[in-house]
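# A look at the structure
Here is what each chain is made of, one letter per residue.
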Amino acid sequence: MVHIGVLGAGTWGTALARMLANTGNQVTVWSAIESEIRDLAAGKAHPNLPGAEIPESIRFTTEISEACAEKEMILFAVPSPYVRETTRRAAPYIAQKQILVDAAKGMESGTLFTMTQVIQDELCRENPAKTVRLVALSGPTHAEEVARDMPTTIVSASGDPAAAKAVQDTFMNTCMRVYTNPDIRGVELCGAVKNIIALAAGMSRGLGYGDNTKAAIITRGLAEITRLGCAVGCQEQTFTGLAGIGDLIVTATSVHSRNNRCGELIGQGMPPRKAIEKIGMVVEGINAIPAVRKLSELYGIEMPIVEAVDSIVNGGVAPEAAVEELMGRGKKGERGL
Ligand SMILES: NC(=O)c1ccc[n+]([C@@H]2O[C@H](COP(=O)([O-])OP(=O)(O)OC[C@H]3O[C@@H](n4cnc5c(N)ncnc54)[C@H](O)[C@@H]3O)[C@@H](O)[C@H]2O)c1
């Protein structure tokens, strides 16, 4: 039995907490939102996870210290814009050498840090001597399906092989198969950029386009992610694995994806700000655009799909015009890779 603190009681945090408790671990869930903790503790159900029962053994708390102290692992499951603030609140209670697992997918626009880099950075501010063991957990995983015990695969990525293995051992069960990968930055980059490609796939559906366009977006989207990842020193194989093409397929094709649904509304003609409002939850692809654009410019990497999504979301370009530009732009495609 492992003692695990889960920070964030949203869809993903709750689905993972349920799975970890059902497989015999002692789980404590914290949220910054008091009403959320009260409702989960009383109702044993999450509004976005219909039919999933919350095990009695899970402890719910609004005291972040309770979710961090004496835990072998702490899982960060808040959306990316809250990872820094959550780390700041948790920092005084995080112990030396504790395993910190990030499940949020995103990139910070000011620093261009991935989420484990944000956690590390914030902890260093609190105590430069503190060392922790960082793991990124990422892959083709919709909370709605994990909460219904559907067979799922995921990647435990860390530069610390023992930490990656400890997370693999803890999260592995008959419904979830966990693979390890030492390329933590590559895995995190995939998780951040694929949400922008999913926005594009949703826009394409909203415009009324079909499977040809979707396949093109997924394949060429992967080429963009791979180009950027290799330029910043990640391993090419990461991009053809579960955290790369695996996650891209699930996000770009599934009805569960908020990015995909948000893109669809924009493709149908809804102004981007209204579409984000209508989704009503954090749309990570939208948040990731500034950082990914800056990183690609810094390394001189061509990312035409990401650029097109940016022009639609932030530049006021109509989706139809962006597609026309994408189809006819620049030099002709080569080799079809
Ligand atoms: N939902 C999924 O299927 C899934 C799967 C894999 C990864 N992820 C990633 O996990 C992260 C969380 O996604 P989610 O689907 O659970 O989101 P969500 O919108 O369901 O969760 C939001 C939660 O964030 C927390 N929160 C809100 N405001 C906060 C604040 N100011 N400070 C701290 N915490 C606050 C609350 O607990 C809230 O419930 C995202 O980065 C997402 O990309 C989600």
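Residues numbered from 1 in each chain as written. Predicted model: local features only at pLDDT ≥ 70, side-chain atom pairs only at ≥ 80, totals over all residues. Heavy atoms only, no water.

## Some points on the domain arrangement of the chain
Parsing the chain into structural domains produces domain 1 (3-182) and domain 2 (185-328). Domain 1 and domain 2 are separated by 25 Å when their C-alpha centres are compared. The interface is formed by 32 residues belonging to domain 1 together with 29 residues belonging to domain 2. Buried area between domain 1 and domain 2, both sides added, is near 2300 Å², and the carbon and sulfur share of it is 64%. (Domains from an automatic or database assignment. Contact = heavy atoms within 4.5 Å. Buried area = accessible area lost by both parts, 1.4 Å probe.)

## Let's talk about the site of the ligand
Looking at the ligand, there are 23 residues lining it, with T11, E36, A143, R258 and E284 nearest. With respect to the ligand, the backbone of T141 contributes an N or O atom lying 3.5 Å from an oxygen atom. Separating an oxygen atom of the ligand from a side-chain N or O atom of R258 is a distance of 2.6 Å. Summarising the interface, the protein chains cover 85% of the accessible area of the ligand, which totals 830 Å² for the free molecule. Here the ligand occupies the second largest pocket. Among the residues forming the shell around the ligand, the class breakdown is eleven nonpolar, eight polar and four charged. (Near = heavy atom within 4 Å. Polar contact = N/O pair within 3.5 Å; in protein donor to acceptor, adjacent residues only side chain to side chain. Areas by Shrake-Rupley, 256 points an atom, 1.4 Å probe, with all protein chains shown as cover. 1 Å grid on protein atoms, 1.4 Å probe; cavity = no way out; pocket = protein on both sides within 12 Å on 5 of 7 lines; lining within 4 Å. Sits in = over half its atoms within 2 Å of the grid points. Nonpolar A, V, L, I, M, F, W, Y, C, P; charged D, E, K, R; others polar.)

## A closer look at the environment of G10
Following the sequence through the fold, G10 ends up in the loop between β1 (3-7) and α1 (11-22). Its relative accessible area of 27% is what places G10 among the partly exposed residues. Spatially, the C-alpha atom of G10 lies 9.8 Å from that of L49, the residues being 39 residues apart in sequence. (Helix = DSSP H or I, 4+ residues; strand = E, 2+ residues; numbered from the N terminus. Buried < 20%, exposed > 50% of the residue type's maximum accessible area, 1.4 Å probe, protein only.)

## Some words on empty space enclosed by the protein
This model, assessed by the stated rule, comprises one cavity of 30 Å³ or more. A volume near 60 Å³ is recorded for the largest cavity. In terms of lining residues, the largest cavity is bounded by D102, A104, K105, G106, M115, A136, L137, S138, V187, E188 and G191. At the level of secondary structure, the elements contributing two or more residues to the lining of the largest cavity comprise β6 (133-138) and α8 (184-206). The residue makeup of the lining of the largest cavity includes at least three contributed by each of domain 1 (3-182) and domain 2 (185-328). (Points joined across faces, edges and corners; volume = space filled by probe spheres on them.)

## Observations concerning helix α7 (residues 161-171)
When α7 is considered as a whole, its buried residues turn out to be A163, A164, V167, Q168, T170 and F171. Of the residues flanking the start of α7, the one acting as N-cap is D160, its side-chain oxygen 3.1 Å from the backbone nitrogen of A162.

## What about the layout of surface pockets?
Empty space among the atoms can be located by rolling a probe the size of a water molecule over them. Looking at the second largest pocket, its volume works out to about 950 Å³. Together, 40 residues line the second largest pocket, and T11, W12, P79, R258 and V282 are the ones closest to its centre. Secondary-structure elements contributing two or more residues to the lining of the second largest pocket are α1, α4 (83-90), α6 (143-146), α8, α11 (242-253) and α12 (258-267). There are two domains that each give the lining of the second largest pocket at least three residues, and those are domain 1 (3-182) and domain 2 (185-328).

## Examining the environment of I217
Turning to its location among the elements, I217 is positioned in helix α9 (residues 211-231). C-alpha separation for the pair I217 and I305, spaced 88 residues apart in sequence, amounts to 7.7 Å. When residues no more than four places from it in sequence are discounted, the contact partners of I217 are I197, A200, A201, S204, L222 and I305.

## With respect to the environment of Q26
With respect to the helices and strands, Q26 occurs in strand β2 (residues 26-30). Here the alpha-carbon distance between Q26 and N48, two residues 22 residues apart in the chain, equals 23 Å. What Q26 contacts, discounting residues up to four positions off in sequence, is M1, V2, H3, I4, S57 and R59. Within the structure, the side chain of Q26 is placed 3.4 Å from the backbone oxygen of S57, a separation counted as a polar contact.

## Considering the sheet that holds β6
In spatial order, the strands read β3-β2-β1-β4-β5-β6-β7-β8; together these eight strands make up an open sheet with mixed pairing. Strand pairing shows two members of the sheet lacking a second neighbour, β3 (59-61) and β8 (176-181), which therefore form its edges. This sheet shows a mean twist of 25 degrees between the axes of neighbouring strands, independent of strand direction. Where β1 lies against strand β4 (residues 73-76), four bridges are found, and the strand directions are parallel. Its bridge partner being in β4, I4 is matched across the sheet by M73. In the packing of α1 onto the sheet, contacts are made with β1, β2, β4, β6, β7 (152-157) and β8, and the angle to β2 comes to roughly 165 degrees. Across the sheet, α11 touches β6, β7 and β8, and the angle it forms with β7 is around 140 degrees. (Pairing = 2+ DSSP bridges. Axes fitted to C-alpha atoms, helices over the stretch in contact; angles between N-to-C directions.)

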